[in-house]
2 protein chains.
Amino acid sequence: MEKKFIYFFSKNETDGNGQMKNLLGGKGAGLAEMSKNGIPIPPGFTITTEVCCYFYEHKEKLPPDFKKQFEKSLKKLEKATNKKFGDPIEPLLLSVRSGAKFSMPGMMDTILNLGLSLKTIPGLIQKTKNPRFVYDAYRRFIQMFGNVVLEINKEEFEDILNKKKEELGVKFDTELREEDLKSLIAKYKKFIHEKIGREFPDDPFKQLEMAEMAVFKSWNNPRAATYRRLNKIPDNLGTAVNIQSMVFGNLGENCGTGVGFTRNPSTGEKKIYGEYLINAQGEDVVAGVRTPKPIEELKKEMPKVYDELKKIVMRLEKHWKDVQDFEFTIEQGKLYMLQTRTGKRTTQAAIKIAVDMVKEKLISKEEALMRLEPEQINQLLHPIIDPKAKIEIITQGLPASPGAAIGKVVFNADEAVILSKTEKVILVRAETCPDDIHGINAAEGILTSRGGMTSHAAVVARGMGKCAVVGCEEIKIDEKNKQFSTKKITIKEGDWISLDGSTGRVILGKMARIEPKLSKEFAEFMNWADKIRTLKIRTNADIPRDAKVARQFGAEGIGLCRTEHMFFAKERLPLMQKMILADDLTGRNEVLNKLFVFQKEDFKGLFREMKGFQVTIRFLDPPLHEFLPKTEKESFELSEKINVPGEKIWQKSCELHETNPMLGHRGCRLGITYPEITEMQTRAIISAACELAKEKIKIVPEIMIPLVGHVNELKDQKNVVINTAAETMKKYKVKIEYLVGTMIEVPRAALVADEIAVEAKFFSFGTNDLTQMGMGFSRDDAGKFIKIYLDKKILKDDPFKTLDQEGIGQLITIAIKKGRSVRPDLKIGICGEHGGDPESIKFCHKSGFNYVSCSPYRVPIARLSAAQAVILDKKQIEYTSK
Amino acid sequence: MEKKFIYFFSKNETDGNGQMKNLLGGKGAGLAEMSKNGIPIPPGFTITTEVCCYFYEHKEKLPPDFKKQFEKSLKKLEKATNKKFGDPIEPLLLSVRSGAKFSMPGMMDTILNLGLSLKTIPGLIQKTKNPRFVYDAYRRFIQMFGNVVLEINKEEFEDILNKKKEELGVKFDTELREEDLKSLIAKYKKFIHEKIGREFPDDPFKQLEMAEMAVFKSWNNPRAATYRRLNKIPDNLGTAVNIQSMVFGNLGENCGTGVGFTRNPSTGEKKIYGEYLINAQGEDVVAGVRTPKPIEELKKEMPKVYDELKKIVMRLEKHWKDVQDFEFTIEQGKLYMLQTRTGKRTTQAAIKIAVDMVKEKLISKEEALMRLEPEQINQLLHPIIDPKAKIEIITQGLPASPGAAIGKVVFNADEAVILSKTEKVILVRAETCPDDIHGINAAEGILTSRGGMTSHAAVVARGMGKCAVVGCEEIKIDEKNKQFSTKKITIKEGDWISLDGSTGRVILGKMARIEPKLSKEFAEFMNWADKIRTLKIRTNADIPRDAKVARQFGAEGIGLCRTEHMFFAKERLPLMQKMILADDLTGRNEVLNKLFVFQKEDFKGLFREMKGFQVTIRFLDPPLHEFLPKTEKESFELSEKINVPGEKIWQKSCELHETNPMLGHRGCRLGITYPEITEMQTRAIISAACELAKEKIKIVPEIMIPLVGHVNELKDQKNVVINTAAETMKKYKVKIEYLVGTMIEVPRAALVADEIAVEAKFFSFGTNDLTQMGMGFSRDDAGKFIKIYLDKKILKDDPFKTLDQEGIGQLITIAIKKGRSVRPDLKIGICGEHGGDPESIKFCHKSGFNYVSCSPYRVPIARLSAAQAVILDKKQIEYTSK
């Protein structure tokens, strides 16, 4: 049997249905479904996406059987409409539209009124008695055809049109008279002839064929390709072509056209929302030349039509179980639906609609939870730049930490602290380092010219819930002259800028900001998510303030407390530096005893905040040179502060310098070379727990050894922990429970996880480092070529944002399988940045994790993602068991 | 049944045998085997290693049944010797010696003449009629017991002895008379009393028990522990204790003692080799106080004894099928064998002996091949520092590249080139980089203060077969003042030093050097290896000279040609720099066209040298900043040379700077961002092959894409290669065959090897990088803590020297399994440094590799290792099928 390339739809006969989005595209499937259900739509047919794919695979040829099927379908359409294509008396006019599986709004092209030609114009004039309408339709057709098929810039037609209107002294297209349109048509045709060196084609069959090809080609036009890349739509789906008989909303005052939503797409309110124009064709509504009327007025103007429309769209909403975005045309009092699709909506509306629909028993709670992309929650938690404001974009970077920040530009951390006392500031740096923490803390937002989504600035800002735009490679920072520039503009210290951390936009001036508000529907929605999910959600937090925010967002414990952050604080850094510079163990121990006091209080603070929940504490991780100055000059500056000779500081800094610090002397390697650090940290943790135990606060600290690659490393450090903990508990005469576990972040650790699990009570996947080492990408450097990789589609996602399930995921599943083979109750979590990424969370759920841990502001996103993972998993099981 | 802790041996009754090395130690098993075979040895018994292990596991307690067994054995020994321990009339004297599974020469302690006491001395005098002998024996006993059991420094006894001799004006111990010895004994006892606060123990039973314990304890003395660490002997084996009745070679002129080898241990000559002393006890022969006589003289002095000895040792050699290192004593004309063990020998001797023994049909060729540690071959290929020379060691570093180098110190590459025209030079640098290549080439040897076994200096030097000592952390280099210092000494530019690249010693002054000579036995031996092995051996070579050396050493192709090395050459580096600094593609292509000419000639040179063998060429791998200056000053210096503004150079250098270059913009990431580099390199390779094809030289180049982690990277680059190759062949009108394959060096690549193998015809494991990423160790930085890891036994081996089979090995076996699952004939090789490491080569053989590739000078080592791998594998199979 020959393959079916064309699906017909009309009142009496419809081949397709709403499920066939792959084959017919979203629009084609929608038209088929409506037609099947007796909704009035102009008849037509859909050319399948397979034809488009064939077209691309066979050097722009069509399948051999195609022509025959096409001719047959056109015949059928002529019969259904009682018109004939190209006929001088009863000419059939067509619209030709693209329609891919996924909606790509405005990305591909449409041609209306196809079938008008010198031969058919008289017949149509005869029939409509409206020559102005006919010439206007013809004018529009030439313009669309010229643009889409002949690839002439739209603006060039607009220029000719505008010149004509100026000449005539008129404002609206509707003011053009028949003779004006005729002269315009002549001008258009002359222009086209000059442009392409040929006459404008006048044969409707030729036009139709050219239009089809143009739609196929438009699948690969640059803006469609870009849209697909940004929205991760595969390139090989192809588009369908919808060929539909025309109806006209511009045949007179009993005609009209409009668009609408079944519920308010901004607020979610349950009320038809939309607008329409009398005597107009579809594009006029959105073109903004005439101001459309709100749809309620149609009730007064054409009550019957309105009632029918309302009945139809509510039926459509019920049928599709979601808000519909619809288009309609009224031709001489008769309503036609032109399109219906799922309506896009704001996050706020999405939540209200989902919750309402559950209450209306239209959808289940599970379905409601699947209606929201978890990332959208970000829009609710953070302030945004007023979307109505007019903005001037300076440049765009990576949207590293969402929110909106407005402030005066400063170029270093100290100045940020000073200025922030009187003004709001934005800290601008090439890249940040732990030294900048106080400045980041003082600033409203952070802007960097280097680094990726997991650079220091990005991670710290997200942790603090602070807006950040990073990796703005276009800007050149000139620290000396306190300014930064793009090719177009220079911004000086003290100038106002605004950052949009959700899009990466850097905006000139002081914008208005809209603060977030959480609705009662949101609370209800998240409550449903919590009841469904099985993954626990913890947070990465190093200080009580962050822990508190995370608790408010629903965190169920701390999955990662980075103890080194405690050493960067102002009063502690000098001690840390002295420790590193000490000549011997005695010298180190002396300073460590002072740090102990701070560290113990830190842990007590965290434990109090997390009372009743687990706290996982990671031992000192970064290489020691991060605590020392990077230049000789800074070494001598530090010298006075800590009373150590500058040469000695600089010498030590050089001695500790590493070619690849990421793979250097850090993590447990520090604890193994300086067991006294491990001892001090253990003492601080256990002492804190003992002291709280005396206050009847029970805490089970989870002590986490970082960067283990070999079981012997863990054994060595565990030994120090056990001995020190025993001593400490003896001193306090308190017995507390604690666990020792490890990060799995070195690929080797994943491979020998069966050995490691003998010693570890829990694994926490450090997927940042696991990705760095497993893929050989330095997250501080990889930004540049990862961008190229994404452009060239070598990688689907930035692996530092979304876990590379195919590669790094294998290391994780190997580690879990091996680990649980020797310790079935091994507790498994993740504390890399991926712990807050929806796709990665779904992977964690499937892989049998006990919890994910993410920065405080991502906790709600993680909660929803975890719930969706359960729902998807259930679907998968249902599907498999069928 | 109770456990047997003691194994007896005597003429009539022997419990153990030669196979029981685990239980009885090497010495104990040897004694048992000799005894069983009727060789005359003094009877005795061996306490098993299990007792030693028990001792350590139970806080220095002995097993409960031990005492009973011990008393029984002592009784049996008394019966066998017709003497009684502690008896005043017929006292039994004993020797107490350690004896572990593996020989640890001189590492543990021996006590002779145990059983002498105030009570037993008169009886022995009565029996021997030789009071001087008895007192001398007692004096020696006190000295040994004092040292080994009471832990008093040997030298302190020697001091007392020497003072006595001075007092008496005598030179040799033998000149001491009875009364001198008596006075000495009194002095010794007084000294001991002062030292330990107790009398010297006089009860023989007490002495025996203390001696046993001391032997057990000596297993863990620092020098034994160090020896084990260096020789990779496990700590938990424990030592046996051999308790044997004494015989005396110092009872008169019909007595004597000696040591010998069944063949010459230096040359391998088949002739008994050894020395003896008349009227002496064992230690006198080695002590060097009296000069021993060559063993041939014994034939004249005691022909019967000599004949018996010869017969016995030749029987032993035949029995053990290897050269024996034996000790004997003649007591009043009667020969006793005291010990026999496999004789240590030089590499030269080892080869001659192995080849001779095959010809004597004593051993098979397989056995012969197993007789040599592959590493030993190094001693034959490289010159050595004259072992007889007196040396002063300045410091010791890592033995990075074997051989001996003698030269004047210089501190930079340019000066090395200049001075090398008139003098031999040693290049001393903190670390080397590609800029230093010309200096390394000009120098005799390289000394660095930083970096490990796979640092740049180490890798390059090994490739050139040039002596190098690296990572000498003790030396501080002061480039400004052109000198380097240790704590003790400062060496200035122009001073002579000598390097021993096989041990890492840095020696003061101009030492004598012995040049290597290869024997005909070596050729025969290697020929056997080649016939047995199945792994092919290729070499890593970038220039024709290296390729030629490797061919002479038996390389069967090039496994890794690093094309970047071609860009560092003097006339090419400026072009490479211009390419990097070019503003656009046109600029880059202009310079690439010039580089193309060089590169094509390079490949032609290599192809000619390797005619008939495969050549694997890796595309540009290092990050581009390696080609640019590292400082602003150098940028301005370069500016004049290449006619590019200094600011521009420095800016580019900063722009390209990376935090972790190891994980940076390198490997195929370069080719993906700059396809024009891939194009140029492909053109050069294919053009070279086409031009040679016209000369009727057939070559099948293997093009290798580095640092692939995702199959899409390989696809992208393969695409460029295929298109460029097709164009090039069209131009030459020649069709040549070529393969495209990839390095497997990113952990992710191993995990998705099934996808990658679809595109790759071969895999070459880059185990250096795979180890860096898989273990998270930067080879430039890890030296420091890896040393600590080895000391703490966290790691067994330096993973950059010997492949970490347990961890990284898993990535390799996963990759091979997955790769061959989609392409069964996938060619698999290794081109990391491990390709020349014997243990790693054995792993490669077992894992199904087709070839290993190593630096030219390691080719013979690899050939032997590969043969041993086959032999071991066969044994394994035989063992398993039993």
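One can find the structure itself at the top, above this paragraph.
As the structure is a prediction and not an experimental result, all values here were calculated from the model.

Caption draft 1: Spotlight on the relation of the copies chain B and chain A. When chain B is fitted to chain A, the residual RMSD is 0.2 Å, and the transformation amounts to a turn of 179° plus an axial shift of 0.0 Å. In the structure described here, the two chain copies are related by an operation that fits a two-fold rotation axis. Comparing interface residues between copies, 100% of those in chain B also lie at the interface in chain A; the contact surface is shared.

Caption draft 2: Looking closely at the pattern of salt bridges. Residues and elements named next belong to chain B. Inspection of every chain in the model, using the stated rule, returns 129 salt bridges over all chains. Between arginine 588 and glutamate 676 there is a salt bridge; the shortest N-O distance is 2.6 Å. Of this pair, arginine 588 sits in helix α23 (residues 585–609) while glutamate 676 sits in helix α27 (residues 675–694), and the two are 88 residues apart along the sequence. A residue is classified by how much of its surface remains accessible, and arginine 588, at 15% relative accessible area, is buried.

Caption draft 3: Highlighting the pairing of strand β4 (residues 110–114) of chain B. Residue and element names in this part refer to chain B. Across the five residues that make up β4, a large majority, four, are buried. With three bridges connecting them, strand β3 (residues 94–100) and β4 associate as antiparallel partners. In the strand pairing of β4, valine 96 is matched with isoleucine 111.

Caption draft 4: Geometry of the interface of chain B and chain A. Contacts between the two partners involve 51 residues from chain B, matched on the other side by 51 residues from chain A. Of all residues in chain B, B:Leu663, B:Arg748 and B:Ile794 bury the most surface against chain A, accounting for 14% of the area lost on that side. Connecting chain B to chain A are 34 residue pairs in polar contact (both at pLDDT 80 or more). Mapped onto the side of chain B that touches chain A, the elements with two or more residues apiece are α25 (646–656), α26 (668–673), α28 (711–732), α29 (747–751), α31 (767–775), α32 (783–791) and α33 (808–822) of chain B. Here the side of chain B that touches chain A is composed, by residue class, of 21 nonpolar, 14 polar and 16 charged.

Caption draft 5: Expanded view of the packing of aromatic side chains. On inspection of all chains with the given rule, the structure shows 43 aromatic pairs over all chains. Ring geometry for B:Phe45 and B:Phe70: centres 5.6 Å apart, planes at 85°, overall edge-to-face. Here the residue B:Phe45 occupies a position in strand β2 (residues 44–47), and B:Phe70 occupies one in helix α3 (residues 66–81), the gap between them amounting to 25 residues. Neither residue differs from the other here; B:Phe45 and B:Phe70 are each classed as buried. Geometrically, the ring pair formed by B:Phe777 and B:Phe785 is edge-to-face, given 5.5 Å between the ring centres and 70° between the ring planes. Taken together, the ring pairs connect A:Phe5, A:Phe45, A:Phe66 and A:Phe70 into an aromatic cluster. It is A:Lys4 that lies over the ring of A:Tyr7; its NZ or CZ is 5.0 Å from the centre.

Caption draft 6: The arrangement of unusual backbone geometry in detail. Positive phi outside glycine occurs at A:Asn82, with the angle close to 60°. Residue position: A:Asn82 is located in the loop between α3 (66–81) and β3 (94–100). Here A:Asn82 falls in the exposed class, since its relative accessible area comes to 65%. Unusually for a residue other than glycine, B:Glu151 sits at a positive phi of about 60°.

Caption draft 7: A look at helix α13 (residues 347–359) of chain B. Residue and element names in this part refer to chain B. For α13, with 13 residues, the first-to-last C-alpha span of 19 Å sits near the 18 Å given by 1.5 Å per residue. Within α13 the residues assigned to the buried category are Thr347, Ala349, Ala350, Ile351, Ile353, Ala354, Val355, Asp356, Met357 and Val358. Buried residues belonging to α13 abut α12 (303–320), α14 (365–370), α15 (378–381) and α19 (520–532). At the exit of α13 stands lysine 361, carrying a positive phi of roughly 60°.

What counts, and at which threshold
- Residues numbered from 1 in each chain as written.
- Chains lettered and ligands numbered in written order.
- Predicted model: local features only at pLDDT ≥ 70, side-chain atom pairs only at ≥ 80, totals over all residues.
- Heavy atoms only, no water.
- Least-squares fit on C-alpha atoms with pLDDT ≥ 70 in both.
- Contact = heavy atoms within 4.5 Å.
- Salt bridge = Lys/Arg side-chain N within 4 Å of Asp/Glu carboxyl O.
- Helix = DSSP H or I, 4+ residues; strand = E, 2+ residues; numbered from the N terminus.
- Buried < 20%, exposed > 50% of the residue type's maximum accessible area, 1.4 Å probe, protein only.
- Pairing = 2+ DSSP bridges.
- Buried area = accessible area lost by both parts, 1.4 Å probe.
- Polar contact = N/O pair within 3.5 Å; in protein donor to acceptor, adjacent residues only side chain to side chain.
- Nonpolar A, V, L, I, M, F, W, Y, C, P; charged D, E, K, R; others polar.
- Phe/Tyr/Trp six-rings, centres within 6.5 Å; stacked < 30°, edge-to-face > 60°.
- Lys NZ or Arg CZ within 6 Å of the ring centre and 35° of its normal.
- Expected span 1.5 Å × (residues − 1).

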